[in-house]
Amino acid sequence: MTKSMNPTPADFASMFESSAAAGAMKEGQVIPATVLRIDNDSIVVDIGLKTEGRIDIKEFSLEDKQPAPGDIVDVYLDRIENALGEAVLSREKARREERWVKLERSFAKGEPVKGAISGRVKGGFTVDLGGVNAFLPGSQVDIRPVRDVGPLMGEVQPFAVLKLDRVRGNIVVSRRAILEESRAEQRAEIVSDMKEGDVRKGVVKNITDYGAFVDLGGIDGLLHVTDMSYKRINHPSQVVEVGQEVEVRIIKINPETQRISLGMKQLGSDPWDNISARYPSGARLKGTVTNITDYGAFVELEDGVEGLIHVSEMSWTKKNVHPGKILSTSQEVDVEVLDVDSDKRRISLGLKQTMDNPWDAFLAEHPVGSEIEGEVRGITEFGLFVGLGPDLDGMVHINDISWDKPGDQAIEAFTKGDTVKAKVLDVDVDKERISLGIKQLSGDPIEAASSGDGGGIKRGSTVTCTVVEVTSGGLEVEFGTPPVKTFIRRSDLSRDRADQRPERFAVGDKVDAKVVTFDRASRRVSLSVKALEIAEEAEAVAQYGSADAGASLGDILGAALASSGTKAKAKAAPAAKGDAKSLDARGRLTGPQGTADDLKKIKGVGPAFEKKLHEAGIFHFWQIAALSDGQVSSLEEELAFQGRMERDDWKGQAEELMSEG
């Protein structure tokens, strides 16, 4: 502008540019400023407005050199004009804005930034990134936990930016990421010079429960506890210690993770080589118990070779007992090799095999059939357990307690602690079982009865019984020596219904009866007084009756019974149609006496065959039951049976049908 009040066009242009520049400025921006002068505590700058701005000289303390008048510096415009008419400016905020721009550029490119750890805060540390504070988490300080961060404080070093939020002013950095990247480069270079099978020396840096980390000169390898020794090791500290120099073999290198597995035991020979030849099955050895578990005990046979004694192979008699109650660690024991699996590196050992088998010893001393005596140690629903010494038990099954009582009743006679005698029935050494029997001491009365004098009892024979008990349904009787107990049903007490009353008898009465059923397998004997009476009548008719005899059938039966010495009164048979002359010498009738029996009930007899029997004079069951062998043979020949009639079977069926009638 000229000194006269008449401005030139150039003056108008300059004024317009100043006004446009002033209008373009906004608070919160970084703008260039010209240093006008330097006072004692401030620097006066011109930002192109009609006013000047002052900046505290302390804000330029971090500059490489102090600004001089005429220099242009970037400043932060807080306010265009304050109450004094001056612009409020800040060099420190401008520098922070510049730093934020650089940080955003570095974060976008993934480049590290430089800074220094300046202080400690909760959960980590603060890092000064040249005017901008960032947060360094404690886990990101180093690769391994750092106990003392003092040497790192104030040291300018690179950091990786993990998170940046300019709006909130939040920056998270990591020193660990830089170290890992550097370490990965070093590891890759070191690993490239290694190969599996190499033997290297290293220093133990750290020990854990599962192994030890060994420094191989810039890279760590893991020496697992199972690769330290062929012997059983409970903890790595038993073999190595921190700072110890060790010689190791490289077992495996993972090129992707660059992890190295090391081994010490691989430097020596494997004691499991040719193990089957050195420890054949059946060999007896000495060993030392090294470890006891719930399922067994480990025994060291030599350095690096252990076998397992399973709990089931520790004792012949002690079952379900913890191995610690049988063996203890460091105990020297004799063992037998049961099995060797060289592929799985397992040896099965037995302790009880080195001791005498108590079942073999018992069998040698008490063979089957011998008698023993013992105390009842236990009573169960299926039998008695009898003690046969300090470690052995024998069992008496409920079916082997008594001959004549059911098992559940017989077992009630015993209590725990009773002393009993029994017979050894069986000794199963493999299954470790001893079977005993109490009833076998007295012998089976059924067998005794069947093999007694005179051939013993059999179906169709007559026995004399003693009434033991009278019930409404019949009589409980016993016969023979030793006595055999059985039951006579009410319907079998007499042929006449009027006499089928159990109350006619008393305990102690003697009764003759016929054996209707005799089964040794089921030990079943059935008696019938009725069948005996019918058989005696049939026999009398067959023996004394004839076509020429003028006596009645009752007279014939009476004579037969009288001649046999029977004291019982003869009972008359049903009257026949006509007279006794119709009964021939073979016991055949010309017609049925009363109502004819249904002979078709006999197995093998059909309507046609029944007709033939009627034609031969056979109408009743008692006639068939009374036939002698000679009469049967004659009848077979006459009717041309051709062996179809089995005498015992037909006669037996007839007797049973008579008793049912």
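Asks: Give a detailed account of the side chain of Asp-400, specifying residues and quantitative values.
Replies: The residue Asp-400 is located in the loop between strand 23 (393-397) and helix 6 (407-410) in this model. Buried and without a salt bridge, Asp-400 has Lys-439 as its closest oppositely charged side chain, separated by 4.2 Å.

Asks: Kindly report on the nonpolar core, identifying the contributing residues and their values.
Replies: Across soluble globular proteins, nonpolar side chains have a tendency to be buried as a group. Ranked by internal contacts, the top residues of the largest apolar core, which has 23 residues, are Phe-362, Leu-388, Ile-434 and Leu-436. Listing elements by their share of this core, those giving two or more residues are helix 5 (358-365), strand 21 (371-380), strand 22 (383-387), strand 24 (419-428) and strand 25 (433-437).

Asks: Residues and numbers for the pairing of strand 6 (residues 113-121), please.
Replies: Note: strand 6 against strand 9 (residues 156-165), four bridges, orientation antiparallel. Each bridged residue has a counterpart across the sheet, and for Gly-115 the counterpart in strand 9 is Gln-157. The turn joining strand 6 and strand 7 (residues 124-128), which pair antiparallel and follow one another in sequence, is formed by two residues; a positive phi near 85 degrees is taken by Gly-123.

Asks: Break down helix 3 (residues 176-191) for me, citing the residues and quoting the values.
Replies: Its 16 residues place the ends of helix 3 21 Å apart at the C-alpha level, agreeing with the 22 Å of an ideal helix rising 1.5 Å per residue. Listed in full, the buried residues belonging to helix 3 are Ile-178, Arg-187 and Val-191. Contacts from the buried residues of helix 3 go to strand 9, strand 10 (170-174), strand 13 (220-224), strand 14 (245-254) and strand 15 (259-263).

Asks: Tell me about the pattern of salt bridges, and please be specific about residues and values.
Replies: The final tally for this structure, using the stated rule, is 11 salt bridges. Between Arg-168 and Asp-165 there is a salt bridge whose closest N-O contact spans 3.9 Å. Owing to a relative accessible area of 72%, Arg-168 belongs among the exposed residues under this scheme. Of the residues examined, Asp-165 reaches a relative accessible area of 22% and is grouped as partly exposed. Residue Asp-220 pairs with Lys-205 through a salt bridge whose shortest N-O separation is 3.5 Å. You can see Asp-220 sitting in strand 13 and its partner Lys-205 sitting in strand 11 (residues 199-207), a full 15 residues away along the chain. Bridged by salt links that share partners, the residues Asp-598, Lys-600 and Glu-610 form one connected network.

What counts and what doesn't
Residues numbered from 1 in each chain as written. Predicted model: local features only at pLDDT ≥ 70, side-chain atom pairs only at ≥ 80, totals over all residues. Heavy atoms only, no water. Helix = DSSP H or I, 4+ residues; strand = E, 2+ residues; numbered from the N terminus. Buried < 20%, exposed > 50% of the residue type's maximum accessible area, 1.4 Å probe, protein only. Lys, Arg positive; Asp, Glu negative; His and termini not counted. Salt bridge = Lys/Arg side-chain N within 4 Å of Asp/Glu carboxyl O. Core = buried A, V, L, I, M, F, W, Y, C linked by side-chain atoms within 4.5 Å. Pairing = 2+ DSSP bridges. Expected span 1.5 Å × (residues − 1). Contact = heavy atoms within 4.5 Å.

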